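Residue-level listing of the chains:
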Amino acid sequence: MNKKGRVFSGIRPTGRAHLGNFLGAFKNYITLQDEYECIYCIVDLHALTTIEDTVNLKQNTNDLALDLLAVGIRPEETILFIQSHVPQVTELHTILSMVTPLGKLTDLPTFKEKVRQNPNNINYGLVGYPVLMTADIALYKSDLVPVGIDQAPHIEFARETVRSFNYRYNTNVLIEPQMKSADIPKVLGIDGKEKMGKSLNNHIELAATPEETRQRVMQMVTDPQRIKRTDRGNPDICNVFTMHKVFTPKEDVEMINVECRRAGIGCVDCKKRFAENLNKALEPFRTKRAEIAAQPDLVPAVLEESAKRARNIAEKTMQEVREAIQLP
Ligand code: SF4
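All of the points below concern the structure found in this document. As the structure is a computational prediction, the values presented were derived from the model and not from experiment.

### Details of the packing of aromatic side chains
- Inspection of every chain in the model, using the stated rule, returns six aromatic pairs.
- Considering the side-chain rings of Phe247 and Phe274, the 6.2 Å spacing of their centres and the 55° angle between planes classify their relative orientation as tilted. Taken together, the residues Phe247 in helix α10 (residues 239–247) and Phe274 in helix α12 (residues 267–293) connect sequence positions 27 residues apart.
- A residue is classified by how much of its surface remains accessible, and Phe247, at 14% relative accessible area, is buried.

### A short note on the pattern of salt bridges
- Inspection of every chain in the model, using the stated rule, returns 21 salt bridges.
- A salt bridge links Lys104 to Glu160; the nearest nitrogen and oxygen atoms lie 2.9 Å apart. Of the two residues, Lys104 is situated in helix α5 (residues 102–107) and Glu160 in helix α8 (residues 152–168); the sequence distance between them amounts to 56 residues.
- Since its relative accessible area comes to 28%, Lys104 is described here as partly exposed.
- Under the relative-accessibility criterion, Glu160 is labelled partly exposed at 25%.
- Between Arg116 and Glu113 there is a salt bridge, with the nearest N and O atoms lying 2.9 Å from each other.

### Things to note about the side chain of Asp223
- With respect to the secondary-structure elements, Asp223 resides in the loop between α9 (210–218) and α10.
- Buried within the structure, Asp223 lacks any salt-bridge partner; its nearest side chain of opposite charge belongs to Arg226, at an N-O separation of 6.4 Å.
- Within the structure, the side chain of Asp223 is placed 2.9 Å from the backbone nitrogen of Gln225, a separation counted as a polar contact.
- Among the polar contacts made by the side chain of Asp223, one reaches the main-chain amide nitrogen of Asn234 at a distance of 2.8 Å.
- Apart from the residues within four sequence positions on either side, Asp223 is in contact with Arg232, Gly233, Asn234, Ile237 and Cys238.

### As for the site of the ligand
- Neighbouring the ligand are the residues Thr222, Asp223, Arg226, Cys238, Val240, Phe241, Ile256, Cys260, Cys267 and Cys270.
- The cavity that encloses the ligand is the largest cavity.
- Its residues assigned to classes, the shell around the ligand comprises seven nonpolar, one polar and two charged.

### Structural notes on the packing of α10 against helix α11 (residues 250–261)
- The interhelical angle for the contact between α10 and α11, taken along N-to-C directions, is 160°, at an axis separation of 9 Å. The orientation of α10 relative to α11 falls into the category roughly antiparallel. The handedness of the crossing between α10 and α11 comes out as left-handed. Contacts between α10 and α11 pair Phe241, His244 and Lys245 from the former with Val253, Ile256 and Asn257 from the latter.

### Some points on the packing of α9 against α12
- As a packed pair, α9 and α12 sit with axes 9 Å apart at the nearest point and diverge in direction by 145°. Crossing angle aside, the handedness with which α9 passes α12 is right-handed. Together, Pro210, Thr213, Arg214, Val217 and Met218 of α9 and Val268, Lys271, Lys272, Phe274, Ala275, Leu278, Asn279 and Arg286 of α12 make up the contact between the two elements.
- The residue makeup of the contact of α9 with α12, split by class, is seven nonpolar, two polar and four charged.

### Topic: the side chain of Asn166
- Position of Asn166 among the secondary structure elements: in helix α8.
- Overall, Asn166 belongs to the buried group, its relative accessible area being 13%.
- Setting aside anything within four residues of it in sequence, one finds Asn166 in contact with Thr171, Asn172, Val173 and Leu174.

### Considerations on the state of the cysteines
- Within the structure shown, the criterion is met by zero disulfides.
- Cys41 takes part in no disulfide bond, and the closest cysteine sulfur to it belongs to Cys38, at a distance of 13 Å.
- Judged by relative accessible area, Cys41 falls into the buried class, the value being 0%.

### Details of unusual backbone geometry
- In the Ramachandran plot, Lys141 falls in the positive-phi region, its phi being about 50° despite a non-glycine side chain.
- Of note, Lys141 is situated in the loop between α7 (124–139) and β4 (144–147).
- Owing to a relative accessible area of 22%, Lys141 belongs among the partly exposed residues under this scheme.
- With phi around 65°, Gln326 is a residue other than glycine that occupies positive phi space.
- By secondary structure assignment, the location of Gln326 is in the segment after α13 (298–325).

Calculation criteria
- Note on numbering: residues in each chain are counted from 1, in written sequence order.
- Two thresholds apply to this predicted model, a pLDDT of at least 70 for residue-level local features and 80 or more for giving and counting side-chain atom pairs, whereas whole-chain, interface and lining totals are computed over all residues.
- Only hydrogens and water are removed before side-chain values are computed, so all heavy atoms of the structure are retained for them.
- When the centres of two rings from Phe, Tyr and Trp lie within 6.5 Å, Trp using its six-membered ring, the rings pair. Their planes under 30 degrees apart give stacked, over 60 give edge-to-face, and anything left gives tilted.
- Segments assigned H or I by DSSP are reported as helices when at least four residues long, segments assigned E as strands when at least two residues long, and all are numbered from the N terminus.
- Burial classes follow relative accessibility: with a 1.4 Å probe on protein chains only, a residue under 20% of its type's maximum area counts as buried, one over 50% as exposed, and anything between as partly exposed.
- Salt bridges are defined by distance alone: a side-chain nitrogen of Lys or Arg within 4 Å of a carboxyl oxygen of Asp or Glu.
- In this tally Asp and Glu are treated as negative and Lys and Arg as positive; neither His nor the chain ends contributes.
- Under the rule applied, a polar contact is a pair of N or O atoms within 3.5 Å (in protein, one hydrogen donor and one hydrogen acceptor; residues adjacent in sequence only if both atoms are side-chain atoms).
- The contact rule is simple, with two residues in contact once any of their heavy atoms fall within 4.5 Å.
- The rule for a residue being near a molecule or strand is that one of its heavy atoms must lie within 4 Å of it.
- Grid points spaced at 1 Å over the protein atoms alone were grouped into cavities, where a 1.4 Å probe fits but cannot get out, and pockets, open sets with protein on both sides within 12 Å along at least five of seven lines, with lining residues defined by an atom within 4 Å of a point.
- Should more than half of a molecule's atoms lie within 2 Å of a pocket's or cavity's grid points, that molecule is taken to sit in it.
- All amino acids are sorted into three groups, where Ala, Val, Leu, Ile, Met, Phe, Trp, Tyr, Cys and Pro are nonpolar, Asp, Glu, Lys and Arg are charged, and the leftover types, Gly among them, are polar.
- Helix axes are fitted only over the stretch in contact, all axes being lines through C-alpha atoms; the angle between N-to-C directions runs from 0 to 180 degrees.
- Every angle not falling under 35 degrees, over 145, or within 65 to 115 is termed oblique; those three ranges are roughly parallel, roughly antiparallel and roughly perpendicular.
- Two helices that cross are described as forming a left-handed crossing if the nearer one is turned anticlockwise from the farther one by less than a right angle, and a right-handed crossing if clockwise.
- Criterion for a disulfide: a pair of cysteine sulfur atoms at a distance within 2.5 Å.

Here you go:
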């Protein structure tokens, strides 16, 4: 089947994936494979901008790749590789940094946010992060980048940077990527306040056991106004209900929607149902994950094979880039 274009997406090597990763990115990754040529990159170099202790980096990268394969990334067609295995990206990053005004980088809202989060580690790499991201996208001549609306300024930045490069060297070697807006839900953690994330320990790991999953679900914060079992609840502001909408059969979601509002169902029962449905939905993933994990050479082999394919594309682009610049 002829694919509609090339999609690129990078994901940080944060180790075993959680429900937030699945709903916010992986689900979309799987679907995109049907229509597009997909390149998914585990961005270990990007991770260095904020982590200093790299002792778990290899393991985290491997765990994430394992989870991606287990959820349904198909390496026979999709390229799934590690960013640093394609050194051409750092060359393009350097070249693109020469057409990037510094003020543009420090004006990006995400830079200001990073400074707030890492006040003691504002390094050069952190400022140049969007340039490296542009290099990732442009190196593979990607047409589309699936992102949520909060990432829109980065894609606009990438487009402008590519334009600046092409203009300066009077070429059209690099392609301006388009944003493929995805309806990416904001998945809250079990605390019901912040986005689900490992650093906040408010996550539910995809690879957790059914019992661990059940325990995490039972800790989930529900409608904060519903204190007693007899209080009426409001599913519209309940994180458990948001998740039910993804993992629970439609008729049951409707029943919960009605019964919660008239205190016909309690939060404990409601969460038990959710845990059950979530465990059922994750069963095929867990089986596949165990099968892949039982072959320890499989993940490194997939990553290496993919890196070879990525390097081929990357080197071809870099030859054109070097020629356009007339590097001696
Ligand atoms: S019954 Fe369910 S939907 Fe209603 S507040 Fe409790 S957990 Fe949320």
